[in-house]
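# Inside the fold
Listed here are the chains, written in short residue letters.
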Amino acid sequence: MKVISVENLSFKYRRARSYSLKDVSFEVKKGELLGVIGPSGSGKSTLCLALNGIIPNSIKGEFSGDVVIRDPRTGEEYNTKETPVSKLPTVVGLVLQNPESQLFNMTVEEEVAFGLENLGLDRNEILRRLRWALEVTGLRGLEKEFPPNLSGGQQQRLAIAAVLAMRPAILVLDEPTSQLDPVGKREVLGLVSLLRKEHGMTVVLVEHHTDYVFRFADRILVMDDGGIVLEGTPREVAEEAETLRKLGIKLPASLEISHELRKRGIIESPAFTEEELLSRIGGPSG
Ligand SMILES: Nc1ncnc2c1ncn2[C@@H]1O[C@H](COP(=O)(O)OP(=O)(O)OP(=O)(O)O)[C@@H](O)[C@H]1O
């Protein structure tokens, strides 16, 4: 089942000289993890904002094309340009790059409950969702903490908890680990994997950490200059090493090495992890 259909989407910010998205079309199926990579300024963040309707409803500009979101639980379809912005976060949650920009309450629990109060839910439902969101994100016990006192990884997990409490079926994450240290990165990407596996969520993930994207995404979109230049499975996209290199996209080390080894005829297909690479060349892991 398709849960996101983007058709001929173009967008130019007010006062900008050129379009930030140029005739972009793609689909995402229920339960998929779509990785989005591309150089700085290629339109990834703009695309994220368009997926939950902030563009064109709150951030205006020249918009054409359609972004249609289908709620897999009800089958209802929402064309973002015709849907109130207050409705979309209950279907598509958006987590931004910098957690601090999304956190503005005095305690962890107030942060998560804030959006729920705006949904007009009753007290019991708010508490139920609050507990669930903190449980899933591993933040139980930190309810009374002041958000700026949390670690970077905890702050980003809190931003995710606040979005999850709205019970979206689809999660869009715009470089959620870019401000984090390696421990924080692992925490957040571990959470993304859990949300997919155990909660059946569909995920669109913009991520510079290509190791994760090539290893776990079902499909990858590569963007450049507002358009999609490559789209395919990690295996298919990895075949285009030269294009990726020209765009300045760093492949995971195992793929870079396997690309060189393939050129020399030592192995036949790309290896996505170090273990896979070692086993291909007859190393210690077999
Ligand atoms: N609010 C805005 N007003 C005008 N132009 C903008 C605005 N936000 C982004 N742009 C422009 O739109 C283009 C795409 O930017 P966008 O932030 O979507 O790219 P990105 O791929 O997410 O980059 P990064 O990896 O650096 O976050 C860039 O040329 C950028 O300068």
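Residues numbered from 1 in each chain as written. Predicted model: local features only at pLDDT ≥ 70, side-chain atom pairs only at ≥ 80, totals over all residues.

This is how it is decided: UniProt positions are given in the numbering used here, feature names are shortened, and annotations may be inferred rather than shown by experiment.
The protein goes by Energy-coupling factor ABC transporter ATP-binding protein in an unreviewed UniProt entry, where it is assigned to Thermococcus celer Vu 13 = JCM 8558. Under the Sequence similarities (unreviewed entry) heading, UniProt states for the protein: "Belongs to the ABC transporter superfamily." Recorded in UniProt under Function (unreviewed entry), the annotation for the protein is "Probably part of an ABC transporter complex. Responsible for energy coupling to the transport system."

### Examining the site of the ligand
To keep it simple, the criterion reads: Residues are counted as near a molecule or strand when the C-beta atom, derived from backbone positions, lies within 6 Å of that molecule or strand. Going along the chain from the N terminus, every DSSP run of H or I of four or more residues is numbered as a helix, and every run of E of two or more is numbered as a strand. We call Asp, Glu, Lys and Arg charged. Ala, Val, Leu, Ile, Met, Phe, Trp, Tyr, Cys and Pro are nonpolar, and the rest, Gly among them, are polar.
Neighbouring residues of the ligand: Tyr 13, Ala 16, Ser 20, Gly 38, Ser 40, Gly 41, Ser 42, Gly 43, Lys 44, Ser 45 and Thr 46. Looking at the shell around the ligand, the element that brings in the most residues is helix H1 (residues 44-51), giving three residues. Split into classes, the residues belonging to the shell around the ligand amount to two nonpolar, eight polar and one charged.

### What to know about the UniProt feature "domain: ABC transporter" (unreviewed entry) in the protein
Mapped onto this numbering, the UniProt entry gives "domain: ABC transporter" (unreviewed entry) at residues 4-250. From the first C-alpha to the last, residues 4-250 spans 28 Å; its make-up is 35% helix and 26% strand.

### Here's the deal with the sheet that holds strand E10 (residues 227-232)
Quick note on the threshold: Here, strands pair whenever DSSP counts at least two bridges between them. To get an axis, a line is fitted to the C-alpha atoms, and for a helix only the part in contact is used. The angle between two axes follows their N-to-C directions and goes from 0 to 180 degrees. Here, residues touch in the contact sense if the C-beta positions derived from the backbone fall within 7 Å of one another.
Judged by pairing direction, the sheet is mixed, and its six strands sit side by side in the order E6-E7-E8-E3-E9-E10 without closing on themselves. This sheet does not close on itself; its edge strands, each paired only once, are strand E6 (92-95) and E10. Neighbour to neighbour, the strand axes of the sheet diverge by 15 degrees on average, direction disregarded. Where strand E7 (residues 170-174) lies against strand E8 (residues 202-206), five bridges are found, and the strand directions are parallel. Paired with Val 172 across the strands is Val 204, a residue of E8. In this fold H1 packs onto strand E3 (33-37), E6, E7, E8 and strand E9 (219-224), with an angle of close to 155 degrees to the strand it touches most, E7. Against the sheet, helix H5 (residues 152-164) contacts E6 and E7, and its axis sits at roughly 160 degrees relative to E6.

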